[in-house]
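# Working through the structure, step by step
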Amino acid sequence: EIPVVEEEKIQEDSLVVSHYICYTYDSGTTGRIWISFTEEEKALEIRYEGQTSSLKLEYEREVIHEDGLVPSIDTYYQEIYEGKVNGQYKLTHSGNWDYVVYTRGRDGKKFTFTIDHEANPYGSTPCF
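Source: prediction; values computed, not measured.

Given two aromatic rings, their pairing is described by the distance between the two centres and the angle made by the two planes. Counted under the stated rule, the structure contains 8 aromatic pairs. The interplanar angle of 45° and the centroid separation of 5.2 Å between the aromatic rings of Y25 and F113 together place this pair among those described as tilted. Separated by 88 residues along the polypeptide, Y25 in strand β3 (residues 19-25) and F113 in strand β10 (residues 110-115) bring together distant segments of the chain. Between W97 and Y99, the aromatic rings sit 6.4 Å apart at their centres with planes inclined by 15°, giving stacked as the arrangement.

Have a look at this one:
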């Protein structure tokens, strides 16, 4: 029998997940999200705790800020749900901190998240 090697492949262009980052919701609730990333640090999918499926993320643009003590990178993605844009994510990486701002498409409401350093950041499996 031939052994089967399973690789997690996501999206049509077969990008492979390298690692996950878990984030906690900033407004004092216990909600969490995880985002999967390629080796090149491009986000692929996001999942909210309690959901059974992930949402695809489509890369939009990247902005590098070198004006502070520590450079930061803002990367923008569109959230795709049932083939349509449902909202926008801004992922910020600065030093060893990562932040997410989600802007919901239907009403423009913003939700913010911060990396959970206790949940195996940059690990090969999601935190939930």
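Additional details are given in the paragraphs that follow.
Okay, the sheet that holds strand β8 (residues 84-94) next. One closed barrel accounts for 8 strands, arranged β3-β4-β5-β6-β7-β8-β9-β10; its pairing is antiparallel. Strand after strand, the sheet turns through a mean of 30° between neighbouring axes, direction not considered. Strand direction decides the pairing type here: strand β5 (residues 43-48) and strand β6 (residues 55-65), joined by 2 bridges, are antiparallel. Paired with I46 across the bridge in β6 is L55.

All told, the structure shown has 1 disulfide when counted by the stated rule. Put simply, C22 and C127 are joined by a disulfide, and their sulfur atoms are 2.2 Å apart. Between C22 and C127 the sulfur-sulfur dihedral comes to about 70°; the bridge is accordingly right-handed. Of the two residues, C22 is situated in strand β3 and C127 in the segment after β10; the sequence distance between them amounts to 105 residues. By relative accessible area, C22 is classed as buried at 2%.

All chains considered together, the criterion is met by 3 salt bridges. Among the ionic pairs, R32 bridges to E49, the shortest N-O distance being 2.9 Å. Of this pair, R32 sits in strand β4 (residues 32-37) while E49 sits in the loop between β5 and β6; the two residues are 17 residues apart in sequence, bridging distant segments of the chain. A salt bridge links E62 to K42, with the shortest nitrogen-to-oxygen separation between them at 3.5 Å. Here K42 lies in the loop between β4 and β5 and E62 lies in strand β6, a separation of 20 residues in the sequence. Judged by relative accessible area, K42 falls into the partly exposed class, the value being 28%.

The subject of this paragraph is unusual backbone geometry. The residue E41 is not glycine, and still its phi comes out positive at about 70°. Mapped onto the fold, E41 is located in the loop between β4 and β5. With a phi close to 50°, E82 is a non-glycine residue in the positive phi region. By secondary structure assignment, the location of E82 is in the loop between β7 (72-81) and β8. A residue is classified by how much of its surface remains accessible, and E82, at 68% relative accessible area, is exposed.

Conventions adopted
- Per-chain numbering applies: the sequence of each chain, read as written, is numbered from 1 onward.
- For this predicted model, a pLDDT threshold of at least 70 governs which residues receive local features, and a threshold of 80 or more governs which side-chain atom pairs are given and counted, while totals over whole chains, interfaces and linings are taken from all residues.
- The basis for the side-chain values is all heavy atoms of the structure; hydrogens and waters are excluded.
- A pair of aromatic rings is counted whenever rings of Phe, Tyr or Trp (Trp by its six-membered ring) have centres within 6.5 Å, and the orientation is called stacked for planes under 30 degrees apart, edge-to-face for over 60 and tilted otherwise.
- Numbering of helices and strands runs from the N terminus; a helix is a DSSP stretch of H or I covering at least four residues, while a strand is a stretch of E covering at least two.
- Should DSSP find at least two bridges between two strands, the strands are taken to pair.
- To get an axis, fit a line to the C-alpha atoms, keeping to the stretch in contact for a helix; angles then go from 0 to 180 degrees between the N-to-C directions.
- Put simply, a disulfide is two cysteine sulfurs that come within 2.5 Å.
- A 1.4 Å probe rolled over the protein chains alone gives each residue an accessible area, and that area as a share of the maximum for its type sets the label: buried under 20%, exposed over 50%, partly exposed in between.
- Take a side-chain nitrogen of Lys or Arg and a carboxyl oxygen of Asp or Glu: if they are within 4 Å of each other, that pair is a salt bridge.

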